[in-house]
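Each chain, letter by letter, is given below.
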Amino acid sequence: MCRHLAYVGPEVSLKSLLIDPPYGLYRQAWAPRMQRHGTVNADGFGIGWYASGDPVPARYRRAVPIWGDPSLPDLARVTRSSAVLAAVRDATVGTALGEAAAAPFASGSWLFSHNGLLAGWPASAAGLARVEPLLALEAMTDSAFLWALVVERLRSGTAPDIALAATIDAVEAAGGTGRFNFLLTDGRTIVATTAGDTLWYRRADDGVTVASEPCDDEPGWAEVPDRQLLTAAPSQVTVRPLSSLNEGIGIR
Ligand code: GLN
């Protein structure tokens, strides 16, 4: 995904979060302002959101550009949520196309997106994991593969921030290179990494938004430097270097 966004806070419509902001995710599909790699994000999109009282999110993903889906504006106007993760995709060369390759990827109550690439995919994956996770991939993309590595850690009880940092650490320790901006939520907390691309956050109106780039020119947006791990809830945002986490707990 080349631009992604997550929000946790008071209930809002998907339209007010994604479509209405002057430089929001909808517009970022054809006119991103800060994208470092690629120009347009026209290879599909996905929105995941949580309905009240249900911990398992719903997803709406399409292979068409977000502006080419005539059903979305109506759906987004009437759908409200207090936790959302959405992405617009610029497919990396050599990865599968289609709806199943569009983030967010999901497992149980988790939603995940990856902005970046694993260099040399798919050949480079062979040395990075046992073969089983590769066989179960939802789509033959680098992002689905990296998500499988994160899910393995989440399922074994690893905390979400450690799961993201440990995945990057393990991939790089095995010689993998690329860009690894991850975004993960369970509907209550957002966890994200910066490793090669842009990331910003803003706390406003009792909620918090974490996004590849600011969705408007209003005050309050803060940029996250590279190689950081961010944890965000409406009441608090913390940003720590990825390296401090790795060194501190010996996660490899
Ligand atoms: N590699 C991922 C994909 O192909 C993400 C691409 C990106 O960030 N532009 O979906």
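A. Region of interest: the overall build of the chain. Helix and strand counts for the chain stand at seven helices and 13 strands. Whereas a compact globule of 252 residues would reach a radius of gyration of roughly 18 Å, the chain reaches 17 Å, a difference of no more than 12%. For the chain, the proportion of its 252 residues judged to be buried stands at 54%. For the chain, restricting intrachain contacts to residue pairs at least 6 apart in sequence, the fraction spanning at least 24 positions comes to 67%. A total of about 10,300 Å² of accessible surface is found on the chain, and carbon and sulfur atoms cover 52% of it.

B. Highlighting the side chain of Thr 141. Structurally, the position occupied by Thr 141 is in the loop between helix 4 (131-135) and helix 5 (142-155). You can call Thr 141 buried: its relative accessible area is 1%.

C. Just the sheet that holds strand 6 (residues 110-118), in detail. Taking strand neighbours across the sheet as the criterion, the six strands line up as 5-6-7-8-12-13 in an open arrangement whose pairing is antiparallel. Edge positions in the open sheet fall to strand 5 (105-107) and strand 13 (236-241), since each of these has one partner strand only. Sheet twist, expressed as the average angle between the axes of neighbouring strands with direction ignored, equals 20°. Inspection of the sheet shows strand 7 (residues 178-185) paired to strand 8 (residues 190-194) by three bridges, in the antiparallel sense. Paired with Thr 185 across the strands is Ile 190, a residue of strand 8.

D. Here's a closer look at the pairing of strand 9 (residues 200-204). For strand 9 and strand 10 (residues 207-211), the ladder comprises five bridges, and the chain directions are antiparallel. If you follow Arg 202 over to strand 10, its bridge partner there is Thr 209. Once strand 9 ends, the chain turns through two residues before running back antiparallel as strand 10, passing Asp 205 with a positive phi of about 50°. Direction of pairing for strand 9 relative to strand 11 (residues 222-223): antiparallel, over a ladder of two bridges. When the bridges of strand 11 are listed, Trp 200 appears paired with Glu 223.

E. Looking closely at the sheet that holds strand 9. Here we have seven strands laid out as an open sheet, ordered 3-2-4-1-10-9-11, and antiparallel in their pairing. Edge positions in the sheet fall to strand 3 (58-62) and strand 11, since each of these pairs with one other strand and no more.

F. Representation of the nonpolar core within the structure. Judged by nonpolar contacts, the single largest core of 33 residues is most densely connected at Phe 112, Phe 145, Leu 146, Trp 147, Leu 164 and Phe 180. With nine residues, the top contributor of residues to this core is helix 5. Not counting residues within four places of it along the chain, the set of residues in contact with Trp 147 comprises Phe 105, Ala 106, Ser 107, Trp 110, Phe 112, Leu 154 and Leu 184. By size, the runner-up hydrophobic cluster in this structure holds 23 residues, among which are Tyr 26, Tyr 60, Val 88 and Trp 200.

G. Representation of a nonpolar patch on the surface. A contiguous nonpolar surface patch, about 280 Å² in accessible area, is contributed by Trp 30, Val 40 and Trp 67. Within the element layout of this structure, Trp 67 appears in the loop between strand 3 and helix 3 (72-78).

H. Structural view of the pattern of salt bridges. Per the stated rule, a full pass over the model turns up 13 salt bridges. Between Arg 61 and Glu 138 there is a salt bridge whose closest N-O contact spans 2.6 Å. Placement of the pair is Arg 61 in strand 3 and Glu 138 in the loop between helix 4 and helix 5, with a sequence separation of 77 residues. Judged by relative accessible area, Arg 61 falls into the buried class, the value being 13%. Because the salt bridges share partners, they merge into one network encompassing Arg 3, Asp 197 and Glu 213.

I. Here's a closer look at helix 5. With 14 residues, helix 5 should reach 20 Å at 1.5 Å per residue; the first-to-last C-alpha distance of 20 Å fits that figure. Where burial is concerned, most of helix 5 is hidden: eleven out of the 14 residues are buried. The complete set of buried residues in helix 5 reads Asp 142, Ser 143, Ala 144, Phe 145, Leu 146, Trp 147, Ala 148, Leu 149, Val 150, Val 151 and Leu 154. Downstream of helix 5 by a residue or two, Gly 157 has a phi angle that is positive, lying close to 95°.

Criteria and thresholds
Residues numbered from 1 in each chain as written. Predicted model: local features only at pLDDT ≥ 70, side-chain atom pairs only at ≥ 80, totals over all residues. Heavy atoms only, no water. Helix = DSSP H or I, 4+ residues; strand = E, 2+ residues; numbered from the N terminus. Rg over C-alpha atoms; globule rule 2.2 N^0.38 Å. Buried < 20%, exposed > 50% of the residue type's maximum accessible area, 1.4 Å probe, protein only. Contact = heavy atoms within 4.5 Å. Areas by Shrake-Rupley, 256 points an atom, 1.4 Å probe, with all protein chains shown as cover. Pairing = 2+ DSSP bridges. Axes fitted to C-alpha atoms, helices over the stretch in contact; angles between N-to-C directions. Core = buried A, V, L, I, M, F, W, Y, C linked by side-chain atoms within 4.5 Å. Patch = residues over 30% accessible without salt bridge, like charges linked within 9 Å, V, L, I, M, F, W, Y side chains within 5 Å. Salt bridge = Lys/Arg side-chain N within 4 Å of Asp/Glu carboxyl O. Expected span 1.5 Å × (residues − 1).

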